[in-house]
Amino acid sequence: MEALTEDEVRASFVNCTKGEAQRINLPGPLDAVYWEHLDFLGWRDPRADQRAYIVLPWTNGPVGITLRAPQPKRKSLVRSSMCSICLTVHSASGVASFVAPKAGPAGREGNSVGNYFCTDLQCSRYVRGTLKSDAATFMEESLDPAERIHRLRAKLEGFTRSVLGDVLV
Ligand SMILES: [Zn+2]
């Protein structure tokens, strides 16, 4: 994706208020991000671990989505799980359930969309092989990176559409 400035990132969020977007803790200096290796910028809030954010290129500019990662109520018995965006298989802690408020009136009425993502939101790196899942030895991915990137983008687009609903951006 193309590099974004802090103002562009803050202005991109579709499912929180402008005030909330101004207070979001960014992942660090954005000029240190390797944008050309990313399909989306994803990060956990460095000061509030249950909050997470993704920003991705969209039709008329970037779209940002705020996510919440509820703490699991009990320890999962599942030994491994798969990210729904990049389909990387992780040990149980490598995947987390995230919830995104929907954009617009639907979100203000309390509607949200949930999905399983890589806990660290580094899907772009897993599909390129620059970051390895701790469960990589159990399940080798047969697709090459270009196909995995294509699939990631399609899955991410589907998730973004479900957050946007009828809201045009
Ligand atoms: Zn992932």
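So, here is what we can say about the structure in this document. (Residues numbered from 1 in each chain as written. Predicted model: local features only at pLDDT ≥ 70, side-chain atom pairs only at ≥ 80, totals over all residues. Heavy atoms only, no water.)

Regarding the coordination of the zinc ion
Here is step 1: The protein atoms donating to the zinc ion are Cys-83 (SG), Cys-86 (SG), Cys-118 (SG) and Cys-123 (SG), with metal-donor distances spanning 2.2 to 2.3 Å.
Here is step 2: Coordination geometry of the zinc ion: the four donor atoms subtend angles of 101 to 115° at the metal centre, consistent with an arrangement described as tetrahedral.
Here is step 3: Each donor residue of the zinc ion lies on one chain, and together they are spaced C-x2-C-x31-C-x4-C. Across this residue pair, the class does not change: Cys-118 and Cys-123 are buried. (Donors = N, O, S within 2.8 Å, 3.2 Å for Na, K, Ca; no water. Tetrahedral: all angles 85-135°; square planar, octahedral: opposite > 155°, others 65-115°. Buried < 20%, exposed > 50% of the residue type's maximum accessible area, 1.4 Å probe, protein only.)

Concerning the pattern of salt bridges
Here is step 1: Taken as a whole, this structure holds five salt bridges when the rule is applied.
Here is step 2: In this structure, Glu-6 engages Arg-10 in a salt bridge whose closest nitrogen and oxygen atoms are separated by 3.0 Å. Of this pair, Glu-6 and Arg-10 both sit in helix 1 (residues 6–11), four residues apart, which is roughly one turn of that helix.
Here is step 3: The partner of Arg-44 in a salt bridge is Asp-49, with the nearest N and O atoms 3.5 Å apart. (Salt bridge = Lys/Arg side-chain N within 4 Å of Asp/Glu carboxyl O. Helix = DSSP H or I, 4+ residues; strand = E, 2+ residues; numbered from the N terminus.)

What to know about the packing of aromatic side chains
Here is step 1: Following the criterion strictly, the structure yields four aromatic pairs and no others.
Here is step 2: Measuring from centroid to centroid gives 5.9 Å for Phe-13 and Tyr-53, while their planes differ by 80°, and the two rings are edge-to-face. Pair noted here: Phe-13 is in the loop between helix 1 and helix 2 (18–23) and Tyr-53 is in strand 2 (residues 51–56), with a separation of 40 residues, a long-range link. The pair Phe-13 / Tyr-53 is uniform in exposure class, with both members buried.
Here is step 3: One aromatic cluster is present, built from ring pairs that chain together Phe-13, Trp-43 and Tyr-53. (Phe/Tyr/Trp six-rings, centres within 6.5 Å; stacked < 30°, edge-to-face > 60°.)

Notes on helix 5 (residues 145–164)
Here is step 1: An ideal rise of 1.5 Å per residue puts 28 Å on 20 residues; helix 5 measures up with 28 Å between its terminal C-alpha atoms.
Here is step 2: Inspection of helix 5 places Arg-148, Ile-149, Leu-152, Leu-156, Phe-159, Thr-160, Val-163 and Leu-164 among the buried residues, and these make up the whole buried set. Seen along its axis, helix 5 keeps its buried residues to an arc of 135°; they face one direction.
Here is step 3: Residues of helix 5 that are buried make contact with strand 2, strand 3 (63–68), strand 6 (95–101), strand 7 (112–118) and helix 4 (123–128).
Here is step 4: The opening residue of helix 5 is Asp-144, an N-cap whose side-chain oxygen sits 3.1 Å from the backbone nitrogen of Ala-146.
Here is step 5: Residue Gly-165 follows helix 5 closely and has a positive phi angle near 60°. (Expected span 1.5 Å × (residues − 1). Arc of directions from axis to C-beta. Contact = heavy atoms within 4.5 Å. Polar contact = N/O pair within 3.5 Å; in protein donor to acceptor, adjacent residues only side chain to side chain.)

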